[in-house]
Amino acid sequence: MSAEAIADAVPTAQPGPKASTRSRFAGLRSAKTMTGLVMFGVFVLAGAFGPLVWRKDPSALSNDILQPPSGAHWFGTTQTGQDILAQVLVGTRVSLLVGVTAAVLATVLSLLVGLTAGYVGGLTDELFSALANVFLVIPALPLVVVLAGYLPTRGSLTVAVVISLTGWSWGARILRAQTLSIRRRDFVEAARATGERPIRIILFEILPNEFAIVASSFLFTIVFAILTQAGLAFLGLSDVTTWSWGGILYWAQNNQALQSGAWWWFVPPGLCIAVIGMALALINFGIDEFVNPRLRVQKLGPKRARRMPMAKSRPLPASRRTDVVLEVTDLHVNYGEGPDAVKAVDGVDLVLRRGEVLGIAGESGSGKSTLAYAITRLLRPPGEVVSGSIHYWPRGEEPVDVLRMSADELRAFRWAELAIVFQSAMNSLNPVLTLRVQMADALTAHRPGTTSQQRDARVVEVMTMVGLPADRADAYPHELSGGMRQRALIAMALVLEPDVLVLDEPTTALDVVVQRQILNQIMALREQLGFAVVFITHDLSLLIEVADRIAIMYAGRVIETGSASELYRSPQHPYSDGLLRSFPHLHGPRKVLTGIPGTPPDLRIIAPGCPFQPRCGQAIAACTTTMPLLLATTEGHQVACLLTQPRSSDDDEL
Amino acid sequence: MRYLARRFAFYLITAWAALTLNFLIPRLMPGDPAQALLSRFRGRLDPRATEALTAMFGLNNESMWSQYRTYLADLGKGDFGLSFTFFPTPVGTVIMDSLWWTIVLVGIATVVSFVVGTLLGIVAGWKRGSRWDQLLPITTFFSSIPYFWFGLIVLFVLSGELRLFPLSGGYSSWLSVDFSWAFLSSAFKHAILPGLTIVIASIAGWLIPMRNMMVTTMSDDYVVLAEAKGLAPRRVMLNYAARNAILPSVATFTMSLGFVVGGAVLTEIVFGYPGIGNNLYQAVINEDFPLMQGIFLIITFVVLLANFLADLVYVWLDPRTRVEA
């Protein structure tokens, strides 16, 4: 296993900036974690105070030989009449002490090695990593057995030390990976630049960010140590005159407890080990969910994309323009439920005509990508379409509402009628399958009758269409350049000749030259094949060039829509105007780039009035109280701004 | 294959580290264990054994370096010394007699556990938030149970009380070890309970990471895109999500295997299985240091080999490791 693979396998603790503190700690407060903490707490209390409360001597012999549990001996007695509850209570104390001591020592070791290796790097890193890897591969129990076999005394502390010597490497390894990734982050770089001492950086900048992982590996080591100690004791390799859970089992086994029917002697210590292991694992589940937010359980799986109830479907006007291919009506998308729900898309209407390029522009967080996911019904929980309709017109047939399709209908509709190209080409391609396989499986799914020769021919055809050499069909994604990957995604989208192509920031990650080539290619293909395009981007100037019509989104709403030329000539919403001034134009007169002051609104805060008002240089008093509606100003041009609406006459000042 | 070459070099280094540890442990341990042993056994031990021990633990006043060279040279010839539990059988022979039992039992149990645990993890991840999530606490409970304790209870109930399975051993003692039907079926019957113990106790180690990786992978763009392509859910689950989610499982095979091997050693002791774990137990209770150390080395080597096999699988699964650079 390579270090990189390990680093991949270890999720790094990077809760998104948007996650509120409350949701960040949600994993730690889950039912599982609480159960685990309570269970562990009970053991700690039992170990600390149990022997003081249940004041029987665990080693004292008596005449109550092999008694089953009773009022006098709650857990029964051993073959020599010793009280088993007393043994288990002292055993809890000893086993926990061994576990915690070993875990503390192992954690200290792994912190020393992991932090140093990750922070210092270079040869130190190589050596320390090799050391950790070697110890990780050597099986721990046989090594512990050999070590313990030579020990002159095998007291609990010695055993704990021996266990920690074999149990530190896993923690060291993940800490190194985590330190490496944190070290490259800005706040650490900043601290280094200001000349802070490395020890201070490690203690105050890096370590706090590794708390979750340290805790997780600490708990894990406790379980490992308790199990190992029990194994050693069972083998007679630790001091079995000290009562530990493993020691009790040793005596029970050597006196044939089970065979003589004395289950009460044998069962409790093992059960204690299992339950404490489970308790710590439950706490670790919570830590995992904290470290890796994707693990937080969401009720709906992805394939159960929620279907809108039939009854809510609104009848469409019977005879519509026949050139419409997709119509979004009053679409509402929320993240979360109830009063905390964030309205990411808030009543959007859009019409896409056949062969047309509809541009959707807006800053990040404007709801434009959510809209793309909603149209394709790919939203993941907590995102959810609350109401509205998305009608698709098959050629010459009655419209169907995408939101009300059954799972089978939806699968048949996807890709064959509507395909999507995502922003990140690297992440959109399956890293372990060749392009050929990834393109052909769409054909297999939608045209089950085709032969593999036909599929291969089609793959080569679409690849040639987007300018990819046919011999790249058997390449894996990592073998392609960024531009080639994006072309491959476009080829993949065209493989079934869809009517609609949704492009979600398809070229943002590419350099300007490649970006331009790919855009030209898409537009040429559109001419040739006649599909309609929904083009989503933050780059309004790009849309002005390629789109027929443009819708500008802000805070989940369309605030202006019109033909590209008209928007360019006379943007009417102050926000559209600002967007246009944020990007240099490729053609036409030079303008001063001014941008838009402020940041996109926090959609969790619901205020009356125009959502753009706080950033708007032309806001009037009414803007803070009245939400402007999207109204037509001229034919085909609609604006949601009080300044442009009825009583407004200062239009010219824009 | 640069990747495999690098891995192979790493295993060579690890093997050397294990050899050296094995050499150093008895020499650096406090209280001079070998000397203590010799005085305890004085008069009861065959002179040849005493001599072998003296050489083995460096009590003959040679320099550390020359001892180390002799040690490596002996091991190179496959000479692990003489066992004094089974005196005068060489340690190598004792180990070889039992090694295959362990490899077959633990090997099959590990493969079964990996396959079943991974499949359950795939489904549990795919259907997260459903009833399948109950698998997590249940299997975690079983994985926290000490193997030997669980094995003894299983043995007591199923073999002792219900008499469904043999009580101990690897085959019925009146049979000779060959490839006859009688022997194989007897061996199978004896292997079921220890095998089952290993599978049940180790399954969570594969299931839980797989489930968590599935959940993580499912929000990756390529899985969303596979869904957008209208592929059948089974194909999205297996070829897109699981196919990628399994990579860390294979990559962390090392650690999981270490636990299984440790547990299997104890399982064998409980079931009186004629494998290497039982030998280790014999060695420990008889303070048979040469045998103990030989077993540690052999277990380590077999684990390294198993890891190399896992690396081969990894290369086969992940095209990115095949980059020639």
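Residues numbered from 1 in each chain as written. Chains lettered and ligands numbered in written order. Predicted model: local features only at pLDDT ≥ 70, side-chain atom pairs only at ≥ 80, totals over all residues. Heavy atoms only, no water.

## Remarks on the pattern of salt bridges
All names here are of chain A.
Part 1 of the reasoning: Taken as a whole and judged by the stated rule, the model has 29 salt bridges over all chains.
Part 2 of the reasoning: Salt-bridge contacts for Arg549 lead to Glu356; the nearest nitrogen and oxygen are separated by 2.7 Å. One end of the pair, Arg549, is in strand S9 (residues 549-554); the other, Glu356, is in the loop between strand S2 (342-353) and strand S3 (357-361), with 193 residues separating them in the sequence.
Part 3 of the reasoning: Since its relative accessible area comes to 8%, Glu356 is described here as buried.
Part 4 of the reasoning: Residue Asp499 pairs with Arg395 through a salt bridge whose shortest N-O separation is 3.9 Å. (Salt bridge = Lys/Arg side-chain N within 4 Å of Asp/Glu carboxyl O. Helix = DSSP H or I, 4+ residues; strand = E, 2+ residues; numbered from the N terminus. Buried < 20%, exposed > 50% of the residue type's maximum accessible area, 1.4 Å probe, protein only.)

## So, the UniProt feature "transmembrane region" (unreviewed entry) in chain B
Residue and element names in this part refer to chain B.
Part 1 of the reasoning: According to UniProt, the "transmembrane region" (unreviewed entry) feature falls on residues 9-29, 99-123, 135-159, 179-208, 245-271 and 291-317.
Part 2 of the reasoning: Counted over residues 179-208, helix gives 93% and strand 0%. Its end C-alpha atoms are 38 Å apart.
Part 3 of the reasoning: Span residues 245-271 is 96% helix and 0% strand, its end C-alpha atoms 36 Å apart. (UniProt positions renumbered as here; feature names shortened; annotations may be inferred.)

## Describing the sheet that holds strand S6 (residues 418-421) of chain A
All names here are of chain A.
Part 1 of the reasoning: Spatially, S6-S7-S8-S3-S9-S10-S12-S11 is the arrangement adopted by the eight strands of the open sheet, whose pairing is mixed. Edge positions in the sheet fall to S6 and strand S11 (631-634), since each of these pairs with one other strand and no more. Averaged over all pairs of adjacent strands, the angle between strand axes in this sheet comes to 25°, irrespective of strand direction.
Part 2 of the reasoning: On the sheet, helix H19 (residues 482-494) packs against S6 and strand S7 (500-504) and is oriented at approximately 175° with respect to S6. (Pairing = 2+ DSSP bridges. Axes fitted to C-alpha atoms, helices over the stretch in contact; angles between N-to-C directions. Contact = heavy atoms within 4.5 Å.)

## A short note on the side chain of Gln229 of chain A
Part 1 of the reasoning: Mapped onto the elements, Gln229 of chain A comes out in helix H11 (residues 211-234).
Part 2 of the reasoning: Beyond its immediate stretch of four places on either side in the chain, Gln229 of chain A contacts Ser95, Val98, Val159, Ile163, Ser238, Ser244 and Gly246 of chain A.

## Quick notes on H11 of chain A
Residues and elements named next belong to chain A.
Part 1 of the reasoning: Between the first and last C-alpha of H11 there are 34 Å, a value that for 24 residues agrees with the 34 Å anticipated at 1.5 Å per step.
Part 2 of the reasoning: Counting buried residues in H11 gives 20 out of 24 residues, a clear majority hidden from the surface.
Part 3 of the reasoning: Remark: Gly236 follows H11 within two positions and exhibits a positive phi of approximately 80°. (Expected span 1.5 Å × (residues − 1).)

## A closer look at the interface of chain B and chain A
Part 1 of the reasoning: Tallying the contact residues gives 91 residues for chain B and 84 residues for chain A.
Part 2 of the reasoning: Summing both sides of the interface, chain B and chain A together bury roughly 8000 Å²; the carbon and sulfur share of this comes to 73%.
Part 3 of the reasoning: Seen at the junction of chain B and chain A, the total is four salt bridges.
Part 4 of the reasoning: With a closest N to O distance of 3.1 Å, Asp441 of chain A and Lys229 of chain B form a salt bridge.
Part 5 of the reasoning: At the boundary of chain B with chain A, the tally comes to 14 residue pairs in polar contact (both at pLDDT 80 or more). (Buried area = accessible area lost by both parts, 1.4 Å probe. Polar contact = N/O pair within 3.5 Å; in protein donor to acceptor, adjacent residues only side chain to side chain.)

## As for the confidence of the model for chain B
All names here are of chain B.
Part 1 of the reasoning: Mean pLDDT over chain B works out to 85, with 96% of the residues at or above the 70 mark.
Part 2 of the reasoning: Mean pLDDT values over the elements of chain B span from 71, in helix H2 (residues 33-41), up to 93, in helix H9 (residues 221-228).
Part 3 of the reasoning: In the model output, the complex is listed with pTM 0.84 alongside ipTM 0.87. (pLDDT = per-residue confidence, 0-100.)

## Things to note about the packing of helix H17 (residues 435-446) of chain A against H19 of chain A
Residues and elements named next belong to chain A.
Part 1 of the reasoning: Contact pair H17 / H19: the axes reach a minimum separation of 9 Å and the direction vectors enclose 20°. The angle between H17 and H19 falls in the class roughly parallel. The two elements H17 and H19 meet at a crossing, and its hand is right-handed. Every residue of H19 that contacts H17 at Leu435, Gln438 and Met439 is listed here: Ala488, Ala491 and Met492.
Part 2 of the reasoning: Here the residues of the contact of H17 with H19 sort into five nonpolar, one polar and no charged. (Parallel < 35°, antiparallel > 145°, perpendicular 65-115°, else oblique. Left-handed = near helix turned anticlockwise from the far one by under 90°. Nonpolar A, V, L, I, M, F, W, Y, C, P; charged D, E, K, R; others polar.)

## A short note on the UniProt feature "domain: ABC transmembrane type-1" (unreviewed entry) in chain A
Part 1 of the reasoning: If you check UniProt for "domain: ABC transmembrane type-1" (unreviewed entry), the listed places come out as residues 92-284 of chain A in our numbering.
Part 2 of the reasoning: Summarising residues 92-284 of chain A: 81% helix, 0% strand, and an end-to-end C-alpha distance of 21 Å.

## Here we look at the environment of Leu468 of chain A
Part 1 of the reasoning: One can find Leu468 of chain A in the loop between helix H18 (452-465) and H19.
Part 2 of the reasoning: The contact partners of Leu468 of chain A, leaving out residues within four places of it in the chain, are Met463, Met484, Arg487 and Ala488 of chain A.

## Comments concerning the domain arrangement of chain A
Part 1 of the reasoning: As assigned here, chain A comprises domain 1 (19-295), domain 2 (306-417 + 498-514 + 522-600) and domain 3 (428-497).
Part 2 of the reasoning: Centre-to-centre separation of domain 1 of chain A and domain 2 of chain A, based on C-alpha positions: 54 Å. (Domains from an automatic or database assignment.)

## Observations regarding unusual backbone geometry
What you tend to see is this: most non-glycine residues have negative phi, and most peptide bonds are trans.
All names here are of chain A.
Part 1 of the reasoning: Of note in this structure, Glu497 is not a glycine but carries a positive phi near 50°.
Part 2 of the reasoning: Considering the arrangement of structural elements, one finds Glu497 in the loop between H19 and S7.
Part 3 of the reasoning: One non-glycine residue, Glu505, lies in positive phi territory at about 45°.
Part 4 of the reasoning: Following the sequence through the fold, Glu505 ends up in the loop between S7 and helix H20 (512-529).
Part 5 of the reasoning: Judged by its relative accessible area of 6%, Glu505 falls in the buried class.

## Here's the deal with the packing of helix H5 (residues 122-137) of chain A against helix H1 (residues 2-28) of chain B
Part 1 of the reasoning: Between H5 of chain A and H1 of chain B, the least distance of the axes is 10 Å, while the angle of their chain directions is 75°. As summarised for this structure, H5 of chain A and H1 of chain B are arranged roughly perpendicular, according to the angle between their axes. Contacts between H5 of chain A and H1 of chain B involve Ala130, Asn133, Val134, Phe135 and Val137 of chain A from the first element and Phe10, Thr14, Ala17 and Leu21 of chain B from the second.

## What to know about helix H11 (residues 253-271) of chain B
Because an α-helix packs 3.6 residues into every turn, residues spaced three or four apart end up facing the same way.
Residues and elements named next belong to chain B.
Part 1 of the reasoning: In this model, H11 (19 residues) spans 26 Å end to end at C-alpha, consistent with the 27 Å of a helix rising 1.5 Å per residue.
Part 2 of the reasoning: With 18 of 19 residues buried, H11 lies mostly within the body of the structure.
Part 3 of the reasoning: Immediately beyond the C-terminal end of H11, within one or two residues, lies Gly272, with a positive phi of roughly 55°.

## Description of the environment of Leu312 of chain B
Part 1 of the reasoning: Among the structural elements, Leu312 of chain B can be located in helix H13 (residues 289-317).
Part 2 of the reasoning: It is 10.0 Å that separates the C-alpha atoms of Leu312 of chain B and Val250 of chain B, two residues lying 62 residues apart in sequence.

## So, the state of the cysteines
All names here are of chain A.
Part 1 of the reasoning: Across all of its chains, the model carries zero disulfides over all chains by this definition.
Part 2 of the reasoning: Cys610 takes part in no disulfide bond, and the closest cysteine sulfur, belonging to Cys623, lies 5.9 Å away.
Part 3 of the reasoning: Here Cys616 stays free of any disulfide, with the sulfur of Cys623 as its closest cysteine sulfur at 6.2 Å. (Disulfide = S-S within 2.5 Å.)

## What about the packing of aromatic side chains?
Think of a pair of aromatic rings as described by two things: how far the centres are apart, and how the planes are tilted against each other in angle.
Part 1 of the reasoning: Going through the model one piece at a time under the given rule, you end up with 29 aromatic pairs over all chains.
Part 2 of the reasoning: An angle of 65° between the planes, with centres 5.4 Å apart, marks the rings of Phe8 of chain B and Phe308 of chain B as edge-to-face. In this pair, Phe8 of chain B sits in helix H1 while Phe308 of chain B sits in helix H13, placing the two residues 300 residues apart along the sequence.
Part 3 of the reasoning: Given the relative accessible area of 44%, Phe8 of chain B is considered partly exposed.
Part 4 of the reasoning: Judged by centre distance (5.8 Å) and plane angle (85°), the ring pair of Trp101 of chain B and Tyr273 of chain B falls under edge-to-face. Of this pair, Trp101 of chain B sits in helix H5 (residues 91-126) while Tyr273 of chain B sits in the loop between H11 and helix H12 (276-285), and the two are 172 residues apart along the sequence.
Part 5 of the reasoning: Judged by relative accessible area, which is 16%, Trp101 of chain B ranks as buried.
Part 6 of the reasoning: Through a chain of ring-to-ring contacts, the aromatic side chains of Phe8, Phe10, Tyr11 and Phe308 of chain B assemble into a single cluster.
Part 7 of the reasoning: Across from the ring centre of Phe285 of chain A, 5.3 Å away, lies the NZ or CZ of Lys32 of chain A, which sits over that ring. (Phe/Tyr/Trp six-rings, centres within 6.5 Å; stacked < 30°, edge-to-face > 60°. Lys NZ or Arg CZ within 6 Å of the ring centre and 35° of its normal.)

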